[in-house]
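Architecture and fold: a report
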Amino acid sequence: MLQSMLRGKGLIWGYAGLIILFLLPLILPRFYIYIVSIILLTGLLATSLNLVLGYGGIFQFHHAVFYGVGAYATALMLTRTGLSPWISFIVGPIVSAALGLIMGMICIRLSKLYFAMLQISLGSLVWIIVYRWYSFTGGDDGIHGIPLPEILSSPNGAYYFTLIITLICFLIMYKIVKSPFGSALQGIRDNPVRSEMIGINVKRHQLLALIIAGFFAGVAGFLFVVVDTTVFPDMLFWTLSLEICIMCLLGGWFSFFGPMLGAAIIIVLRTFVSTFTSYWTLVLGILMMFVIFFLPNGVLGYVEEKLHKGLIEPVIKE
Amino acid sequence: MLEVKSISKSFDGFKAVNNANLEVEKGEIVAVIGPNGAGKTTLFNLITGILKPDNGKVFFKGEDITGLHPYQVCRKRISRSFQIVNVFQRLTVFENVQVSVLSRQKKTWNLFTPSTKLVIKETNEILESVGLIKKKNRTTALLSHGDRKVLEIAMALGGNPEFLILDEPTAGMAPEETARCIELIKHLSEKLGLTILFCEHDMEIVFGIANRIMVMVRGATIVQGGCDEVRCNQAVQDAYLGRSDVCLM
């Protein structure tokens, strides 16, 4: 599976990374395992956004809604119904995908920033419903102590579950990006008018992309429930959406693994810098400025550029 | 094959296309000429569905295609290239054409087969025929302007068209590129039997390859006819040269 994604040295690094990820619980204390789990699922969330943002060129600025809705759907199923928890895990992403369909159908009539504005408004509407509907969602208290199947209630169980689901989702998303649908989507990003003129139904392709992105954001949402056993309205707040966008930009929104790297950078900063100063976002802001000025393709975009230089240059000289 | 009947389009009261008429028979090469701002590109946008006409009709093979979406027009096997280069900047030359072929074969809903395994042969054939095969792995940002214009045509060919619309195919090209492009257009017409509608400012090219010419001035069709007929038409001469009694060129 890795072979299709990486080549040469990259493949070795990929395998090494995987082995390390699987061995981590043996080495690291519980707190760090929790952080790594959060990085994994946030990376999944950022990558799902990047499907539409980096590959689709759709300005989905309020992506956290799908994450939060997926998490809430799972949490509500777990706390309020007697159904098997495994069903709740599937329901979360499906509800998110359905919301992606509904919001997509409304927003897709507009493009670029107009899309973004409408999407942020609709997303905020969902947030306020979750925030105010005390009797159903618990309002700003959220839902705590969500019961989980025994196998997942240990930190290591939750970690391995998150790791495996994230890996599977990454594989599927990678396949989608490299499929004809992914090619068409990238064409639409670069030039919607031209795409339409070569026979692509632009709006429908974008809508499907939004549904897929919603689905994977929902997966990240239920993973959060598994790791943290809580949900709260901040998961749908637009500041989180902004943070996910920053992850994509920081890591590199034209590279597949860029958002994952961005997620890791931001969460590490938030966790460790915030122990020194509560102004950790200042560090993030300065970092962001450097990235925009010096690495416009993001951190991973820059690394890839350096690695591929040897490959591209002879072609130019030809 | 294509028939445009008294089509009009105005933008905020400005009549960009005003009662234009056009007829193209199968296998012909028809040129649309006219001074800058005559409405040539707008006419093409109206035919291909990028703009909706205020009134008038477009028929293709007897079928009314007025007001269809561009992707639906494309599926009727009408393809076009653009005057201002309009390619997928971040994709390679190969991928640009490949997307077009995939779209024609309705494979863009396929989520799980890697693109690298699909329509390789067809894409290579198209690149071969337009002479871009050696540059297929470059990203389009690294192509010369002339090559990008040719890529435009290659992408249009990806839709396996019967009817090809070229909007100023040689604009901005160096002389040798222009010559190559003309050869290509002739080749498409003769070998593949495509019907071609194009607009162009270079009269040498127009009179060199067009079977018939349609002249537009201020959005209206002045005349449509054979080269000689157009060359000696008084209204055309007035439009291009002001009042005079010498033949155009």
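None of these values were measured; they are calculated from a predicted model.

A look at the interface of chain B and chain A
In this complex, chain B contributes 37 residues to the contact, which on the side of chain A involves 24 residues. Where the side of chain B that touches chain A is concerned, the elements lending two or more residues are α2 (70-75), α3 (93-104) and α5 (145-158) of chain B. Broken down by element, the side of chain B that touches chain A gets its largest block of residues, seven residues, from α3 of chain B. When its residues are assigned to classes, the side of chain B that touches chain A shows 16 nonpolar, 14 polar and seven charged.

Overview of the domain arrangement of chain B
Residue and element names in this part refer to chain B. If you check the domain split of chain B, you get domain 1 (1-77 + 161-249) and domain 2 (88-160). Placing the centre of domain 1 and that of domain 2 at their C-alpha centroids yields a distance of 26 Å. Across the boundary between the two partners, domain 1 contributes twelve residues, which contact ten residues of domain 2. For the side of domain 1 that touches domain 2, the elements supplying multiple residues, two or more each, are β7 (163-167) and α6 (175-191). Among the elements that line the side of domain 1 that touches domain 2, the one with the most residues is α6, at three residues. Across the side of domain 1 that touches domain 2, the residue classes tally to nine nonpolar, one polar and two charged.

Considering the nonpolar core
With 166 residues, the main nonpolar core has Phe216 and Ala220 of chain A together with Ala154 of chain B as its most contacted residues. A per-element tally of this core places helix α12 (residues 202-228) of chain A first, with 18 residues. When residues are assigned to domains, this core turns out to be shared by domain 1 (1-77 + 161-249) and domain 2 (88-160) of chain B, each giving three or more. Ignoring anything within four residues of it in the chain, the contact list for Phe216 of chain A reads Leu44, Ser48, Cys169 and Met173 of chain A.

A look at the environment of Val126 of chain A
Residue and element names in this part refer to chain A. Along the chain, the position of Val126 falls in helix α6 (residues 112-132). Judged by C-beta crowding, with 19 C-beta atoms within 10 Å, Val126 ranks as partly exposed. Dropping the residues within four chain positions of it, Val126 is found in contact with Val65, Val69 and Leu236.

Side note on the sheet that holds strand β9 (residues 212-217) of chain B
Residue and element names in this part refer to chain B. As summarised here, the arrangement of the six strands in space is β6-β7-β8-β3-β9-β10, forming an open sheet in which the pairing is mixed. Each edge of the sheet is formed by a strand with only one pairing partner; in this case those strands are β6 (78-81) and β10 (220-226). Direction aside, the axes of adjacent strands within the sheet are offset by 15° on average. The pairing of strand β3 (residues 29-33) with β9 spans four bridges and is classified as parallel. Among the inter-strand pairings, Val32 is bridged to a residue of β9, identified as Met214. Strands β6 and β7 of the sheet are contacted by α5, whose axis makes an angle of about 170° with β6.

Conventions adopted
- Residues numbered from 1 in each chain as written.
- Chains lettered and ligands numbered in written order.
- Predicted model: local features only at pLDDT ≥ 70, side-chain atom pairs only at ≥ 80, totals over all residues.
- Contact = placed C-beta atoms within 7 Å.
- Helix = DSSP H or I, 4+ residues; strand = E, 2+ residues; numbered from the N terminus.
- Nonpolar A, V, L, I, M, F, W, Y, C, P; charged D, E, K, R; others polar.
- Domains from an automatic or database assignment.
- Core = buried A, V, L, I, M, F, W, Y, C linked by C-beta atoms within 7 Å.
- Buried ≥ 20, exposed ≤ 12 C-beta atoms within 10 Å, placed from the backbone.
- Pairing = 2+ DSSP bridges.
- Axes fitted to C-alpha atoms, helices over the stretch in contact; angles between N-to-C directions.

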